[in-house]
Amino acid sequence: MVFLTLSADNLAIVNNKPMQSAKDQIALDKLPKHVAVIMDGNGRWAKSRGEERTFGHKNAIDAVRNAINACNEIGIPYLTLYTFSSENWNRPNDEVSTLMNLLSKTLLLEAEEIHNKGLKLHVIGDINLLPDLVRDQLLSLADITKDNKNGNLILALSYGSQKEMLKAVKEISQEVKDGKLDIDDITEECFENHLYTKNFPPVDLLIRTSGEVRISNFLLWQIAYAELQFLDVLWPDFTKEHFFQCILDYQLKERRYGKTSEQLDSK
Ligand code: IPE
Ligand code: IPE
Ligand code: MG
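Quick notes on the rules
- Residues numbered from 1 in each chain as written.
- Chains lettered and ligands numbered in written order.
- Predicted model: local features only at pLDDT ≥ 70, side-chain atom pairs only at ≥ 80, totals over all residues.
- Heavy atoms only, no water.
- Helix = DSSP H or I, 4+ residues; strand = E, 2+ residues; numbered from the N terminus.
- Rg over C-alpha atoms; globule rule 2.2 N^0.38 Å.
- Buried < 20%, exposed > 50% of the residue type's maximum accessible area, 1.4 Å probe, protein only.
- Contact = heavy atoms within 4.5 Å.
- Areas by Shrake-Rupley, 256 points an atom, 1.4 Å probe, with all protein chains shown as cover.
- Lys, Arg positive; Asp, Glu negative; His and termini not counted.
- Charge placed at Lys NZ, Arg CZ, Asp CG, Glu CD.
- Pairing = 2+ DSSP bridges.
- Phe/Tyr/Trp six-rings, centres within 6.5 Å; stacked < 30°, edge-to-face > 60°.
- Lys NZ or Arg CZ within 6 Å of the ring centre and 35° of its normal.
- Near = heavy atom within 4 Å.
- Polar contact = N/O pair within 3.5 Å; in protein donor to acceptor, adjacent residues only side chain to side chain.
- UniProt positions renumbered as here; feature names shortened; annotations may be inferred.
- 1 Å grid on protein atoms, 1.4 Å probe; cavity = no way out; pocket = protein on both sides within 12 Å on 5 of 7 lines; lining within 4 Å.
- Axes fitted to C-alpha atoms, helices over the stretch in contact; angles between N-to-C directions.
- Parallel < 35°, antiparallel > 145°, perpendicular 65-115°, else oblique.
- Left-handed = near helix turned anticlockwise from the far one by under 90°.
- Nonpolar A, V, L, I, M, F, W, Y, C, P; charged D, E, K, R; others polar.
- Sits in = over half its atoms within 2 Å of the grid points.

This brings us to the overall build of the protein chain. Scanning the protein chain for helices and strands turns up 10 helices and nine strands. What you see for the protein chain is a C-alpha radius of gyration of 20 Å, in line with the 18 Å of a compact globule of 267 residues. Considered along the principal axes of its C-alpha atoms, the protein chain spans approximately 75 × 55 × 35 Å. Looking at the protein chain residue by residue over its 267 residues, the buried ones come to 46%. Long-range contacts, defined here as pairs at least 24 residues apart, represent 73% of the contacts in the protein chain between residues at least 6 apart. Put simply, the protein chain shows about 14,800 Å² of open surface, and 50% of that area lies on carbon and sulfur atoms. Each charge class in the protein chain can be summarised by its mean position, and for the 31 positive and 39 negative side chains these summaries are 2 Å apart.

Below is the structure:
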């Protein structure tokens, strides 16, 4: 008997027969439009190897690439990656500066690849708080890729959902105060138009790695009807196969939006 498991990106061979990758079983006509990922577990990954937390961040880039490539390969149009939260500013200074340097270095190395893949880069969050260099790199890559059509890569940076919603409430209140908006016109659509995500569809699938089962202030409005998947894998170990398996699991769900199964069946 042969039982050989190759790297998770390759096919496994069991009993001399290649096992199907989850990718081959995905129904391409039922893909989620928008997948969001809470990339968590870098610190624990490093600690379990007796290393500093920042070692985990440095080893997380391949996993980011895996998520982007997996999305790109099957044609998911929107991918949002929770890269740095508004609360992450409270981490030790040296960890924050390592993360910012890493972000800058990675953008420099990956910019061409992102553009060549035809991806359009967007950033959501309070980017004014980012170091000037990082903000300039992000805005420049967003500009360079603005006409790309193969998918949208959205980086949530210095992002916090409560702050995002408060910003929306303040802007809307100002419009009412200035007599430009009637209170009765404050609809869900109006509110969404004041969020960073106004041009993106709602999240269909939210994935969080690291085993934590929480949302950590991420896209609270936008995940109202998302399917949630919590994986026991630490982010630096995340592979394309994990991603494809998440899509397969997503496709097994019945999304009822408050209706009954029977109502959906009769359509
Ligand atoms: C996610 O990994 C990366 C960021 C939040 C920037 P963590 O650094 O949170 O790793 P854990 O959760 O402490 O293991
Ligand atoms: C959420 O992870 C933020 C990112 C992945 C960027 P955290 O590690 O900061 O979340 P908590 O503190 O465990 O809730
Ligand atoms: Mg964490």
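Structure's up, so let's keep going.
Take the pairing of strand 8 (residues 205–208) next. Here strand 8 shows two buried faces, one formed by Leu205 and Ile207 and the other by Leu206 and Arg208. By the bridge criterion, four bridges tie strand 4 (residues 34–38) to strand 8 in an arrangement that is parallel. Across the sheet, residue Val35 finds its bridge partner in strand 8, namely Leu205. As judged from the four bridges shared by strand 8 and strand 9 (residues 227–230), these two strands associate in the parallel manner. In the strand pairing of strand 9, Ile207 is matched with Gln229.

This part covers the pairing of strand 6 (residues 119–124). Direction of pairing for strand 6 relative to strand 7 (residues 151–159): parallel, over a ladder of six bridges. Bridging across to strand 7, Leu121 finds its partner in Leu153.

Taken as a whole, this structure holds 11 aromatic pairs when the rule is applied. For the pair Tyr225 and Tyr257, a centre-to-centre distance of 4.9 Å together with 45° between the ring planes defines the contact as tilted. Residue Tyr225 is located in the loop between strand 8 and strand 9, and its partner Tyr257 is located in the loop between helix 9 (240–251) and helix 10 (261–265); the two are separated by 32 residues in the primary sequence. On the accessibility criterion, Tyr225 (47% relative accessible area) is partly exposed. Residues Phe243 and Phe244 carry aromatic rings whose centres are separated by 6.4 Å and whose planes lie at 80° to one another, so their mutual orientation is edge-to-face. For the pair formed by Phe243 and Phe244, the shared burial category is buried. A network of ring pairs unites the aromatic residues Tyr82, Tyr159, Tyr196 and Phe218 as a single cluster. Over the face of the ring belonging to Trp45 we find Arg49, whose NZ or CZ atom lies 3.8 Å from the ring centre.

Looking now at the site of ligand 1. In the vicinity of ligand 1, the contacting residues are Met39, Asp40, Gly41, Asn42, Gly43, Arg44, Arg53, His57, Thr83, Asn88, Arg91 and Leu99. At 2.8 Å, a side-chain N or O of Asp40 approaches an oxygen atom of ligand 1. The contact in question runs from an oxygen atom of ligand 1 to an N or O atom on the side chain of Arg91, over 2.7 Å. Within the complex, the protein chains bury 86% of what would otherwise be the 380 Å² of accessible surface of ligand 1.

For the rest of this paragraph, the subject is the UniProt feature "binding site: Mg(2+)" (unreviewed entry) in the protein chain. Per the UniProt record, "binding site: Mg(2+)" (unreviewed entry) is annotated on Asp40 and Glu227. Lining the largest pocket, from the residues named above, are Asp40. Topologically, Asp40 is positioned in the loop between strand 4 and helix 2 (42–47). Not counting chain neighbours up to four residues away, the residues in contact with Asp40 comprise Arg208, Thr209, Ser210, Glu212, Val233, Leu234 and Trp235. With respect to the secondary-structure elements, Glu227 resides in strand 9. On the basis of relative accessibility, which here comes to 17%, the residue Glu227 falls in the buried class.

On to the packing of helix 5 (residues 93–116) against helix 6 (residues 132–144). For the pair helix 5 and helix 6, interaxial distance at closest approach is 10 Å and the crossing angle is 15°. With respect to helix 6, the axis of helix 5 lies roughly parallel. Two packed elements cross with a definite hand, and for helix 5 against helix 6 that hand is left-handed. Across the interface between the two elements, Met100, Leu103, Ser104, Leu107, Leu108, Ala111, Ile114 and His115 of helix 5 pack against Leu133, Val134, Gln137, Leu138, Leu141 and Ile144 of helix 6. Partitioned by chemical class, the residues of the contact of helix 5 with helix 6 number 11 nonpolar, three polar and no charged.

In the vicinity of ligand 2, the contacting residues are Ile38, Met39, Asp40, Tyr82, Thr83, Phe84, Asn88, Arg91, Arg208, Arg214 and Ser216. Residue Asp40 places a side-chain N or O atom 3.2 Å away from an oxygen atom belonging to ligand 2. Contacts to ligand 2 include Arg91, whose side-chain N or O atom sits 3.2 Å from an oxygen atom. When the free accessible area of ligand 2 is taken as 390 Å², the share hidden by the protein chains comes to 78%. Under a 2 Å grid-point criterion requiring more than half of the atoms, the pocket assigned to ligand 2 is the largest pocket. For the shell around ligand 2, the leading source of residues is strand 5 (residues 78–85), giving three residues. In the shell around ligand 2, the residues fall into four nonpolar, three polar and four charged.

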